[in-house]
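Fold and geometry: a report
Listed below, chain by chain, are the residues.
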Amino acid sequence: MDLFEYQGKQLFAKYDIPVSTGEVARTADEAVAAADRVGYPVVVKAQVQVGGRGKAGGIKLAANPDECRTHASNILGMDIKGHTVEIVWIERASDIKSEYYASFTLDRAAKLHLGMLSAEGGVDIEQVAAETPDAISRIHVDPVDGLDEAKCREWVVAANLDAEAVDGAVDLLLKLWRCYVDADADLAEVNPLILKPDGGVHALDAKVTLDDNSVFRHPEYSEYQATQVRDEREEAAHEKGLQYVGLDGYVGIIANGAGLAMGTVDIVSQVGGKPANFLDIGGGASAEVMTGALEVIDNDPAVRSIFINIFGGITKGEEVANGIVEALARIEIEAPIVIRLDGTNAEEGRAILEPHLSDSLQMQPTMLEAARQVVELAQARGGE
Ligand code: GDP
Ligand code: MN
């Protein structure tokens with residue numbers, strides 16, 4: 001689960017990582033009251049789980065209550081890349097001498113933790129990685145050995161920060177490492193990490209992702225779960241007991257089995273399309289489950305066509321076919337559907353579907369052909 005910046009900073013503070021003091025506010029009045037306690041100048045920061053808030057106008061300095069009220073009023077309710085701002089974080093403004101980038105994350109391919117540090121901070125790190133990869137100092141950390149001070153210092157020195165920032169950065173990064181490990185984080189990112197004119201090194205932003213599987217040993221994380229931003233499509237799907245993950249494309253996907261669903265997402269991408277979701281309907285394929293799955297997918301306004309990819313195993317082809325036919329009799333689906341049905345009793349299943357085929361319900365013998373057709377149909381209907 002992803003934390004808001006303020007939650008990340010509150011977590012950092014528990015590990016003694018220097019952050020600015022601040023308070024959460026949900027209205028302009030609350031913002032001004034918070035700023036009075038925090039002390040001017042303050043920064044009014046939009047709390048949304050998306051980067052680039054600064055560029056979007058979601059981060060403003062305020063020198064007095066009037067400015068604070070104006071900025072808080074403008075930022076609350078603002079839409080930043082599809083996320084509505086409901087909370088602002090009011091913190092004491094910092095003076096900045098230099099902005100750096102620092103993070104710990106998992107390098108799954110290397111099976112190690114990865115630390116990244118750069119003197120080019122405050123900007124998009126993906127851009128730095130693409131344009132000047134040498135500007136990022138990387139360190140792999142073995143989970144068993146951990147990160148000691150000597151290794152951390154070597155890493156910091158290689159990053160070419162200002163000389164006066166080195167000691168503070170080593171200290172902060174060792175604390176960030178402790179936080180990353182003890183809190184069971186998958187990501188702890190500080191962008192920017194700043195050097196202040198007084199020589200202090202400080203976390204000015206916080207992006208933290210916690211491992212949901214670790215909640216059992218952190219009961220206090222239930223508080224974070226309560227503030228998770230949920231995808232409406234995922235909410236609807238999970239209520240129906242479906243394994244659904246929302247994606248940002250236009251081809252709706254229904255498959256039985258997580259492996260086949262992933263394979264379907266891949267093949268749709270491979271033939272040039274963009275999947276709108278991952279959906280695994282599991283073992284059975286009753287009319288109830290199929291109806292629910294089709295409803296969830298057809299309610300997604302981005303969906304232009306639907307790919308039903310079923311491989312019969314214990315669930316026989318005719319059961320799947322009957323489930324689809326019955327589901328389509330119950331609900332009106334706007335997007336054209338392409339079916340691929342294979343596996344146990346596929347012939348029987350296809351024979352059941354045959355009389356129902358039309359322009360809006362087509363069938364293909366293979367996964368590849370079905371993927372091509374479903375993408376073509378989507379693109380003809382404006383999918384992009
Ligand atoms: P992001 O744009 O969503 O990554 O938000 P950040 O919290 O990283 O802030 C973006 C930028 O706003 C930073 O890189 C700083 O340049 C600026 N900024 C944020 N807080 C302060 C502050 O306390 N003082 C000053 N001078 N600038 C700030
Ligand atoms: Mn940032």
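Everything here concerns the structure above.
Everything quoted here is computed from the prediction, not taken from an experiment.

Okay, the site of ligand 1 next. In the vicinity of ligand 1, 15 residues are found, and the nearest of them are Lys 45, Arg 53, Gly 54, Ser 94 and Glu 99. Within the contact set of ligand 1, an oxygen atom lies 2.7 Å away from a side-chain nitrogen or oxygen of Arg 53. Take Gly 54: an N or O atom from its main chain is 2.9 Å from an oxygen atom of ligand 1. Within the complex, 79% of the 570 Å² of free accessible area of ligand 1 lies under protein. Within the residue set of the shell around ligand 1, elements represented by two or more residues are strand 2 (42–46) and strand 10 (185–195). Here the shell around ligand 1 is composed, by residue class, of six nonpolar, five polar and four charged. Composition of the shell around ligand 1 by domain shows at least three residues from each of domain 1 (21–92) and domain 2 (98–221).

Our next topic: the packing of aromatic side chains. For the structure shown, the criterion picks out seven aromatic pairs. For the ring pair Phe 4 and Tyr 6, a centre distance of 5.9 Å and an interplane angle of 15° mean the geometry is stacked. On the basis of relative accessible area, Tyr 6 is assigned to the buried category, the value being 7%. Ring centres of Phe 104 and Trp 155 lie 5.4 Å apart, and the angle between their planes is 50°; this geometry places the pair in the tilted category. Separated by 51 residues along the polypeptide, Phe 104 in strand 7 (residues 98–107) and Trp 155 in helix 5 (residues 149–158) bring together distant segments of the chain. With respect to burial, Phe 104 and Trp 155 carry one shared label: buried. Each member of the aromatic cluster is reached from another via a ring pair, and the members are Phe 104, Trp 155, Trp 177 and Tyr 180.

Within the first shell, the manganese ion (ligand 2) binds the protein through Asn 191 (O) and Asp 205 (OD), at distances of 2.1 to 2.2 Å. Placement of Asn 191 in strand 10 and of Asp 205 in the loop between strand 11 (201–203) and strand 12 (207–210) is noted, with a sequence separation of 14 residues between them. Of the residues examined, Asp 205 reaches a relative accessible area of 18% and is grouped as buried.

About the cut-offs
- Residues numbered from 1 in each chain as written.
- Chains lettered and ligands numbered in written order.
- Predicted model: local features only at pLDDT ≥ 70, side-chain atom pairs only at ≥ 80, totals over all residues.
- Heavy atoms only, no water.
- Near = heavy atom within 4 Å.
- Polar contact = N/O pair within 3.5 Å; in protein donor to acceptor, adjacent residues only side chain to side chain.
- Areas by Shrake-Rupley, 256 points an atom, 1.4 Å probe, with all protein chains shown as cover.
- Helix = DSSP H or I, 4+ residues; strand = E, 2+ residues; numbered from the N terminus.
- Nonpolar A, V, L, I, M, F, W, Y, C, P; charged D, E, K, R; others polar.
- Domains from an automatic or database assignment.
- Phe/Tyr/Trp six-rings, centres within 6.5 Å; stacked < 30°, edge-to-face > 60°.
- Buried < 20%, exposed > 50% of the residue type's maximum accessible area, 1.4 Å probe, protein only.
- Donors = N, O, S within 2.8 Å, 3.2 Å for Na, K, Ca; no water.

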